[in-house]
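# Survey of secondary and tertiary structure
Spelled out, the chains give:
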Amino acid sequence: MTGGPPSFGVNLMPSLWDGKPGVAGRELLARRRRLLGRISEAGFDHVMLGDHVMFQGGLGNDGMIDAASALTANEKLAVYLAVYLLVLRHPLLVARQLITLAQLAPGRLSLGVGIAGDDRREVAACGVDPRTRGRRMDEALTVLRPLLAGQEVSFDGEFFALEQAALRPVPEAPVPLIVGGRSDAALRRAGRLGDGWLGIWVSARRFAEAVEAVAGYAKDAARPDVEWRHGMTFWCAFGADTARAKAQVAPAMEGFYQLPFDNFERYVPAGTPADVADQVAPYVEAGCTTFNFIPFAARDGAPSDEAGIDAVAEVRQALGLSQPGTGA
């Protein structure tokens, strides 16, 4: 956020994205509480959660349910839900879900929204024509923002129609709406309808250009005083050297995205925490106010979520961006 050090967070679930049977029930709840506690104790500001319905043949977690679980399991951490596939849902129902979450955890929720660009089959399976995603997103955000602000909304669009719709109670603290996507259309959307832009797979130079572009689109839309929350999501890997670090993350990314690691490699910080800090530092200068890390690391030769959390905490410390008094 503006006016202070960047917000740092880590993703909660990377080790569960391999499609293999995972833990459930009490074991899963205990694991989540343990990791959320570790994230909080390490001095992070938020936990990042994702959202998919049917990604790459069936993977996914419902983002809103995950957010509710995390917000009630730990009363200190904020939740950054990103990217939430808003185009697959009706904005009135999403607004009600967000208001319900805001009652549980005022001021602790941020929503990053996306158009589900990585797997068009997921979009089609939800009854949405992939060719309409951009227009649907524009309409959804046009409706969602005033609903969250307690305004009465009448709207007659291509995809959504509302007549004198209003929701109560109004959230005690606004829920920031961050727009994800690398296209120029996404930048225009962020400037016109968002509270910030969320990048992934972009260089620091491109990030700075995007921040400038969003400000220009906001000015054109007569929105000069937005408290921008521009963020960046990094898959990252830790090890004694860059090669060994990348060997940990490459199989996970290839399995998740069904694409060669070469497609992502230059955007994946890897190595020791100091190495990763050096690779991330230019984004601070480029105007990034929120960092989301999806870390892969090992401890005693085995993959360890705790090791990933600890390594990202060291990255923050190396950047000189630790919160006062946390030591993280």
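Residues numbered from 1 in each chain as written. Predicted model: local features only at pLDDT ≥ 70, side-chain atom pairs only at ≥ 80, totals over all residues. Heavy atoms only, no water.

Another aspect to go through is the overall build of the chain. When its secondary structure is counted, the chain shows 10 helices and 13 strands. Relative to the 2.2 N^0.38 estimate, which gives 20 Å for 328 residues, the radius of gyration of the chain is 19 Å and therefore close to what a compact globule would have. When each of the 328 residues of the chain is scored for burial, the buried share is 52%. Sequence-distant contacts, at least 24 apart, represent 70% of the contacts inside the chain between residues at least 6 apart. Summed over its atoms, the accessible surface of the chain is roughly 14600 Å², and 50% of this surface lies on carbon and sulfur atoms. For the chain, the centre of its 33 positive side-chain charges and the centre of its 38 negative side-chain charges are spaced 2 Å apart. (Helix = DSSP H or I, 4+ residues; strand = E, 2+ residues; numbered from the N terminus. Rg over C-alpha atoms; globule rule 2.2 N^0.38 Å. Buried < 20%, exposed > 50% of the residue type's maximum accessible area, 1.4 Å probe, protein only. Contact = heavy atoms within 4.5 Å. Areas by Shrake-Rupley, 256 points an atom, 1.4 Å probe, with all protein chains shown as cover. Lys, Arg positive; Asp, Glu negative; His and termini not counted. Charge placed at Lys NZ, Arg CZ, Asp CG, Glu CD.)

Packing of helix 3 (residues 91-104) against helix 5 (residues 133-148) leaves a shortest axis separation of 9 Å and a crossing angle of 35°. In this structure, helix 3 meets helix 5 at a crossing whose hand is right-handed. Of the residues in helix 5, those in contact with Pro91, Leu92, Val94, Ala95, Leu98 and Ile99 of helix 3 are Ala140, Val143, Leu144, Leu147 and Leu148. Here the contact of helix 3 with helix 5 is built from residues that sort into 11 nonpolar, no polar and no charged. (Axes fitted to C-alpha atoms, helices over the stretch in contact; angles between N-to-C directions. Left-handed = near helix turned anticlockwise from the far one by under 90°. Nonpolar A, V, L, I, M, F, W, Y, C, P; charged D, E, K, R; others polar.)

With 17 residues, helix 1 (residues 25-41) extends 24 Å between its outermost C-alpha atoms, agreeing within 8% with the 24 Å of an ideal straight helix rising 1.5 Å per residue. Regarding helix 1, the residues found buried are Arg31, Arg32, Leu35, Leu36, Gly37, Ile39 and Ser40. Along its buried surface, helix 1 packs onto strand 1 (7-11), strand 2 (46-49), helix 2 (63-73) and helix 10 (305-318). (Expected span 1.5 Å × (residues − 1).)

This part takes up the pairing of strand 11 (residues 290-296). Burial runs high along strand 11: 7 of the 7 residues are buried. Alternating positions in strand 11 separate into two faces, Thr290, Asn292, Ile294 and Phe296 on one and Phe291, Phe293 and Pro295 on the other, with burial throughout. Note: strand 1 against strand 11, 4 bridges, orientation parallel. Across the sheet, residue Gly9 finds its bridge partner in strand 11, namely Asn292. Across 7 bridges, strand 9 (residues 231-238) lies against strand 11 in parallel orientation. Bridged to Gly231 within strand 11 is Thr290. (Pairing = 2+ DSSP bridges.)

By the secondary structure assignment, His46 is in strand 2. Taking relative accessible area as the criterion, His46 reaches 2% and is therefore assigned buried. At 2.7 Å, the side chain of His46 forms a polar contact with the side chain of Asn292. Excluding its chain neighbours within four sequence positions, the residues that come into contact with His46 are Ser7, Phe8, Gly9, Val10, Ile39, Leu77, Ala78, Val79, Tyr80, Thr290, Phe291 and Asn292. (Polar contact = N/O pair within 3.5 Å; in protein donor to acceptor, adjacent residues only side chain to side chain.)

To continue, consider the nonpolar core. One finds Phe44, Leu86, Leu111, Phe207 and Phe293 to be the most contacted residues of the largest nonpolar core, which totals 83 residues. Those residues within four positions of Phe207 in sequence are excluded, and the remaining contacts are Trp197, Val202, His230, Gly231, Met232, Tyr283, Ala286, Gly287 and Cys288. By size, the runner-up hydrophobic cluster in this structure holds 19 residues, among which are Met253, Tyr267, Val268 and Ile294. (Core = buried A, V, L, I, M, F, W, Y, C linked by side-chain atoms within 4.5 Å.)

This next bit is on the confidence of the model for the chain. Looking at the chain as a whole, its pLDDT mean stands at 93, while 94% of the residues score no less than 70. Scored below 50 in pLDDT, residues 324-328 shows 9 contacts in the model against residues more than four places distant or in partner chains. (pLDDT = per-residue confidence, 0-100.)

According to the stated counting rule, one finds 17 aromatic pairs in the structure shown. Ring geometry for Phe207 versus Tyr283: centroids 6.2 Å apart, planes at 80°, classification edge-to-face. Linking Phe207 in helix 7 (residues 204-220) with Tyr283 in helix 9 (residues 273-285), this pair joins segments that are 76 residues apart in sequence. Note on Tyr283: relative accessible area 7%, which makes it buried. Joined through ring pairs, the aromatic side chains of Phe8, Trp197, Phe207, Phe234, Tyr283, Phe291 and Phe293 make up one cluster. (Phe/Tyr/Trp six-rings, centres within 6.5 Å; stacked < 30°, edge-to-face > 60°.)

Moving on: the pattern of salt bridges. Evaluated as defined, the whole model comprises 17 salt bridges. Between Arg135 and Glu158 there is a salt bridge, and its shortest N-O distance comes to 2.9 Å. You can see Arg135 sitting in helix 5 and its partner Glu158 sitting in the loop between strand 5 (153-156) and strand 6 (161-165), a full 23 residues away along the chain. Between Asp138 and Arg189 there is a salt bridge; the shortest N-O distance is 2.6 Å. With a gap of 51 residues between them, Asp138 in helix 5 and Arg189 in helix 6 (residues 184-193) connect regions that are remote in the sequence. Given a relative accessible area of 6%, Arg189 falls into the buried group. Among the charged side chains, a network of salt bridges with common partners joins Arg38, Arg299 and Asp310. (Salt bridge = Lys/Arg side-chain N within 4 Å of Asp/Glu carboxyl O.)

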